[in-house]
Each structure stands twice: as structure tokens, then as C-alpha cells.
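Chain by chain, the residues run as shown.
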Amino acid sequence: MTLFDAVTATPALLVDRDVLDRNIERMAESARTRGVTLRPHAKTHKSPDIARLQIAAGAAGLTVATVSEAEVFADHGFGDLFVAYPLWVDAARGARLAALADRTRVTVGVDSVEGARALATHAGTAIEVLVEVDSGHHRTGVAPGHAGAVAAAATAAGLTVAGVFTFPGHSYGPGRPGAAAAEESEALRTAADSLRGAGIEPGIVSGGSTPTAYLDTAATELRPGVYVFGDAQQLELGTVTEEEVALTVLATVVSARDGVVVLDAGSKSLGADRAPWATGYGRILGVPDARITALSEHHATVEWPAGPDVPRPDLGARLRVIPNHVCNAVNLADELVVTRGREVVDRWPVSARGCTV
């Protein structure tokens, strides 16, 4: 019998339900213990089935990346959604946001006076906003001390400013999470004070990333995403162990020579992300010294470690690959194959796949 015989075709995304449940509960319990709100980022799993588990465990709502993601989760009955993105809203997108606001609570990010005015003009004023600030990632977000000016402009446009948010994305690097969490705290405190200086009380102070999710910061709301699954990046950062990796890509050995095996899961299954500090394009579950050294669209080249303890797998053998960036791998799949032990127990559609607008 081969690994997961019920999965007839590879590559396939497997979700270990027991590990998933433990990951969800661990994060929820950590948030409860610290008295912070948990609003996990659904762009990682894109799955209403997983989102329901997060809400049942205590999450207050969901974070999404795009309006179309918000539409999918609203269609599945989720009533509190935050689009953590500084949207530039035109008439078409504004109409979609207004329609969303008619059936669910929706909050969006702004990081400019012009963006706030465009939102109010095209989507109306039923939508609350959080002002995004840059806490060191240097991607989007206004300087923390300028958050009050953006909030004042949003208020003048008729919008309700609920607070501030940031993403400490510079936590993604060896040895960086602690410093990034400290910089996040400083930025959020400064931004909150800036809002108060403009006469606006920040009811929500939102931050968080998976590498910093268990560290104390000034955030009153956390938005980690990858924690539900784990991935090879988190392994290299030391954020998770192999026992906490819930999602793997089942792949078949299609070619082998000397110390190399080639799998049928390439960049169109695993995603092609590789951070400058990453040691490969992914890991092999249970074989920590194996490395994916090259990816083509439908090939993964694996350098297999030498030694009798880890014999090179035969042609046709099935391996479980830990992708570098799990969010991208999920977005490439139609479904998640849910397992317990060696048994397939369910299949969950990736309902928000491809929701980029």
C-alpha cells in the first residue's frame, strides 16, 4: 500500500486535521490568556471550513487581503471582515464594498488622505477604517506619527475611524522576530497617540504576524495567518516544528539518480517563493536534511542526504513536501485533502482561490 492510497493523483495538498486543530486551539488560547482579540488572516487557507474552526475556537472575525476574498467569506456567512490593505477605491470597487457593507460588517485599511476620500466618495460612509502605519517592513503604511492626519481626513470625509493597524513583515528573517515585535509596539503606540492627538480614540490597535504571534506587543488585536498550517519558512525561523506542520503536498518520485530524486510537484503546486535566507525551495517531511534545490513548473529536484538511515526513495514512492510559503501553495490548489492518520476523512474546497481583486 502506498502513502495515502485514497489520493489517486499527485500532487495533492494534504491537511492533517489533528495538527490543524492543535494549531488553531494553541493560538486561540494564547490570545485568550493575553487578553487580545484574534482575527486570523484567511488568505493563508482561503477555506470557509477552516475559518469556521477558527471562529469556533474564539476568533472575533477574519482578516482578508482583497474585496473578492471578503465577498467569498461573506457569501459563506462570515459577519465581521477586515480587508487589511490600503485599497484604492474607484466606482466599481466602491459599489462592491457598499454591497458588502449591506450584509456584513466590513472594515478596510487606508494609509493616505486621498485613499480615505476616494473610499468615502465611491463606497459611502457605512464602512469603518483602520489607518495603516509602517512599523519597519517599509511596504505600505503611513509614518506612525502621521496617522492622526490620515484619520482626521477620513473622519472629515464621513468615515468612522476604528483604530490603527500594521504588519511587521520584517519579522520574516532569522533572528528578526523579537526586534520586529518591539518596533511594531513602538509604531502602534505612536500611531495610537497620534490619533488621540486628532481627537480620535483608537478602539482597535491591530498587528501581528506568525513569527511574532506569541510575543507580547502593544497590539490589542492579532492577525496571524500561516500559523494554521506552518511551512518551510516557519521551520527555518524556528517558529514551528515538523510536528506543528499541518499542510504538506503529497508528491510522487518520477525520476532518481545517485543522490537526487525528482518529484511531480513543481512551482505550479508548491509556489516558487524562496527568501534570500532560505536553504531551499521546500522541505521533505520526516527527512530534515533533504532539500529541494530546483523547481520547474512540474518538477521538484531534491538533493537526498547520504547514509543508511535515509535510503533514497524508489520510483513511484510518495513523499510529503513542506512548501516554503504555504499561502501560495494553497492558492494553486482546488481542494484540500483532509486526513487523520493515514486515512482521508474529508475534502475542503479552496473557495477563495484566485481572489486577487
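Quantities reported herein were computed from a predicted structural model and do not represent experimental measurements.

Cut-offs used in this document
Positions within a chain are numbered from 1, following the residues in the order the chain's sequence is written. Local features are withheld for residues below a pLDDT of 70 in this predicted model, meaning they are given only at 70 or higher, and side-chain atom pairs are given and counted only at 80 or more; totals for whole chains, interfaces and linings count all residues. Water and hydrogen atoms play no part in the side-chain values, which are based on all heavy atoms of the structure. Secondary structure elements follow DSSP: runs of H or I no shorter than four residues count as helices, runs of E no shorter than two count as strands, and numbering proceeds from the N terminus. The globule rule used for comparison is 2.2 Å times the number of residues to the exponent 0.38, while the radius of gyration itself is calculated over C-alpha atoms. Categorising residues by exposure relies on relative accessible area from a 1.4 Å probe, with only protein chains included: less than 20% of the type maximum marks a residue as buried, more than 50% marks it as exposed, and the intermediate range marks it as partly exposed. Residue contacts are counted whenever heavy atoms from the two residues lie within 4.5 Å of one another. Here Asp and Glu are counted as negative and Lys and Arg as positive; His is not counted, and neither are the chain ends. Taken as the charge centre is NZ of Lys, CZ of Arg, CG of Asp or CD of Glu, depending on the residue. Aromatic pairs are defined between Phe, Tyr and Trp rings, using the six-membered ring for Trp, whenever the two ring centres lie within 6.5 Å; interplanar angles under 30 degrees are classed as stacked, those over 60 as edge-to-face, and all others as tilted. Geometrically, a charge over a ring is one whose NZ (Lys) or CZ (Arg) sits within 6 Å of the ring centre while staying within 35 degrees of the ring normal. For two strands to be treated as a pair, DSSP must find no fewer than two bridges joining them. Inter-axis angles, ranging from 0 to 180 degrees, are taken between N-to-C directions of lines fitted to C-alpha atoms, where helices are fitted over the stretch in contact. Nonpolar core, defined: a set of buried Ala, Val, Leu, Ile, Met, Phe, Trp, Tyr and Cys residues in which side-chain atoms within 4.5 Å join the residues together. Any carboxyl oxygen of Asp or Glu within 4 Å of a side-chain nitrogen of Lys or Arg constitutes a salt bridge here.

(A) View of the overall build of the chain. Each helix and strand in the chain was counted, giving 10 helices and 17 strands. Its C-alpha atoms give the chain a radius of gyration of 21 Å, near enough to 21 Å, the size a compact globule of 357 residues would have. Taken along the three principal axes of its C-alpha coordinates, the chain extends 70 × 40 × 35 Å. Within the chain, buried positions represent 56% of all 357 residues. Considering only contacts in the chain between residues 6 or more positions apart, those separated by 24 or more positions represent 68%. Here the chain holds 31 positive side-chain charges and 42 negative ones, and the gap between their average locations is 1 Å.

(B) Seen up close, the environment of Glu114. Note that Glu114 resides in helix H5 (residues 113-123). Relative accessible area serves as the criterion here: at 49%, Glu114 is assigned to the partly exposed category. Sequence-wise, Glu114 and Tyr214 are 100 residues apart; in three dimensions their C-alpha atoms are separated by 35 Å.

(C) Summary view of the packing of aromatic side chains. On inspection of all chains with the given rule, the structure shows 2 aromatic pairs. On the numbers, 5.7 Å between centres and 75° between planes, the contact of Phe73 with Phe78 is edge-to-face. Relative accessible area serves as the criterion here: at 8%, Phe78 is assigned to the buried category. Their ring planes at 90° and their centres at 5.0 Å tell us that Phe82 and Phe165 sit as a pair that is edge-to-face. With Phe82 in strand S4 (residues 80-86) and Phe165 in strand S7 (residues 160-165), the pair connects residues that are 83 residues apart, well separated along the chain. Relative accessible area serves as the criterion here: at 1%, Phe82 is assigned to the buried category. Here the guanidinium or amino end of Arg274 rests over the ring plane of Tyr281, the centre of that ring lying 5.0 Å away.

(D) Fine view of the side chain of Ser269. Along the polypeptide, Ser269 turns up in helix H9 (residues 267-270). The exposure class assigned to Ser269 is buried, which follows from its relative accessible area of 13%. When neighbours within four sequence positions are excluded, Ser269 is seen to be in contact with Pro11, Leu13, Ala329 and Leu332.

(E) Examining unusual backbone geometry more closely. Along the chain, Thr10 connects to Pro11 via a cis peptide bond; the corresponding omega equals 0°. Positionally, Pro11 belongs in the segment before strand S1 (12-16). A positive phi is found at Lys46, a non-glycine position, where the angle reads about 55°. Relative to the assigned elements, Lys46 resides in the loop between strand S2 (37-38) and helix H2 (48-56). By relative accessible area, which is 5% here, Lys46 ends up buried. In this structure, His138 takes a positive phi of about 60° despite not being glycine. Tracing the backbone shows His138 in the loop between strand S6 (128-132) and helix H6 (147-156).

(F) Examining the sheet that holds strand S5 (residues 105-110) more closely. The strand order S2-S9-S8-S7-S6-S5-S4-S3 describes an open sheet built from 8 strands, whose pairing is parallel. Edge strands, defined here as strands with exactly one partner in the open sheet, are S2 and strand S3 (62-64). In the sheet, S7 pairs with strand S8 (residues 204-207) via 3 bridges, with the strands oriented parallel. Counted as the bridge partner of Val164 is Val205 from S8. The sheet strands contacting helix H7 (residues 177-197) are S7 and S8, and the helix crosses S7 at an angle near 155°.

(G) A look at helix H3 (residues 67-75). For H3, a buried count of 8 out of 9 residues is recorded, marking the element as mostly surrounded by other parts of the structure. By the burial criterion, the buried members of H3 are Val67, Ser68, Glu69, Ala70, Glu71, Val72, Phe73 and Ala74. Looking at the packing, one finds that the buried side of H3 touches H2, S3, S4 and helix H4 (91-101). Looking one or two residues beyond H3, the residue adopting positive phi is Gly77, at roughly 95°.

(H) Structural context of the nonpolar core. Ranked by internal contacts, the top residues of the largest apolar core, which has 88 residues, are Leu97 and Phe229. In terms of residue count, helix H1 (residues 17-34) provides more of this core than any other element does, 6 residues in total.

(I) Structural view of the pattern of salt bridges. In total, this model carries 21 salt bridges according to the counting rule given. Measuring nitrogen to oxygen at the nearest pair gives 3.9 Å for the salt bridge that ties Asp216 to Arg34. Within this pair, whereas Asp216 is found in the loop between S8 and strand S9 (221-222), its partner Arg34 is found in helix H1, the two being separated by 182 residues in sequence. For Asp216, a relative accessible area of 64% corresponds to the exposed category. One continuous salt-bridge network, built from bridges that share partners, spans Arg39, Asp80, Arg105, Glu128 and Glu221.

The values are spatial; any link to function lies outside them.
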